[in-house]
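Reading the structure
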Amino acid sequence: LTMHAGDCILLIIAILLPPLAVLLKVGCNCQFCLSLILTILCWIPGILHAWWVVCSAPEETRYVVLTNDQHHHHHHGHH
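Treat the numbers as computed from the prediction; the structure is a model and nothing was measured.

**Some details on helix α4 (residues 43-56)**
Because an α-helix completes one turn every 3.6 residues, residues spaced three or four positions apart along the sequence face the same direction. Taking 1.5 Å of rise per residue, 14 residues should cover 20 Å, and α4 covers 20 Å from first to last C-alpha, within 8% of that figure. Within α4, the full set of buried residues consists of G46, I47, H49, A50, V53, V54 and C55.

**Brief notes about the state of the cysteines**
In the structure shown here, the tally under the stated rule is 0 disulfides. C8 carries a free sulfur, and the closest cysteine sulfur to it, the one in C55, is 9.0 Å from it. You can see C28 has no disulfide; the closest cysteine sulfur is in C33, sitting 5.3 Å from it.

**So, the confidence of the model for the protein chain**
Within the protein chain, residue pLDDT values average 77, and 72% of them lie at 70 or more. The weakest mean pLDDT in the protein chain belongs to helix α5 (residues 64-67) at 63; the strongest belongs to helix α2 (residues 18-26) at 87.

**So, the side chain of H49**
Of note, H49 is situated in helix α4. If we ignore the near neighbours within four places in the chain, the residues touching H49 are V22, Q31, L34, S35 and L38.

**A short note on the pattern of salt bridges**
Throughout the structure, instances matching the rule amount to 1 salt bridge. We note a salt bridge from K25 to D7, for which the minimum N-O separation is 2.4 Å. With K25 in helix α2 and D7 in helix α1 (residues 5-16), this residue pair connects regions lying 18 residues apart in the sequence. Each member of the pair, K25 together with D7, is buried.

What counts, and at which threshold
Residues numbered from 1 in each chain as written. Predicted model: local features only at pLDDT ≥ 70, side-chain atom pairs only at ≥ 80, totals over all residues. Heavy atoms only, no water. Helix = DSSP H or I, 4+ residues; strand = E, 2+ residues; numbered from the N terminus. Expected span 1.5 Å × (residues − 1). Buried < 20%, exposed > 50% of the residue type's maximum accessible area, 1.4 Å probe, protein only. Disulfide = S-S within 2.5 Å. pLDDT = per-residue confidence, 0-100. Contact = heavy atoms within 4.5 Å. Salt bridge = Lys/Arg side-chain N within 4 Å of Asp/Glu carboxyl O.

Written out as structure tokens, the structure reads:
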């Protein structure tokens, strides 16, 4: 697992708002939806899941929201 400085910030965000950390990390995908459900059901699993996503996301999916590069511009209708 490779860690970056940005991940440390995301791990802190994950404690406060797990789905937000997942959203910033990998964008609005199934991981985000799962994080949202876990957080609503019980806060701790949501935090643990967000940590797992932040730590395990492959390089090419890192910071899809923050880097804003051309490959990840598929917006979903619902927000």
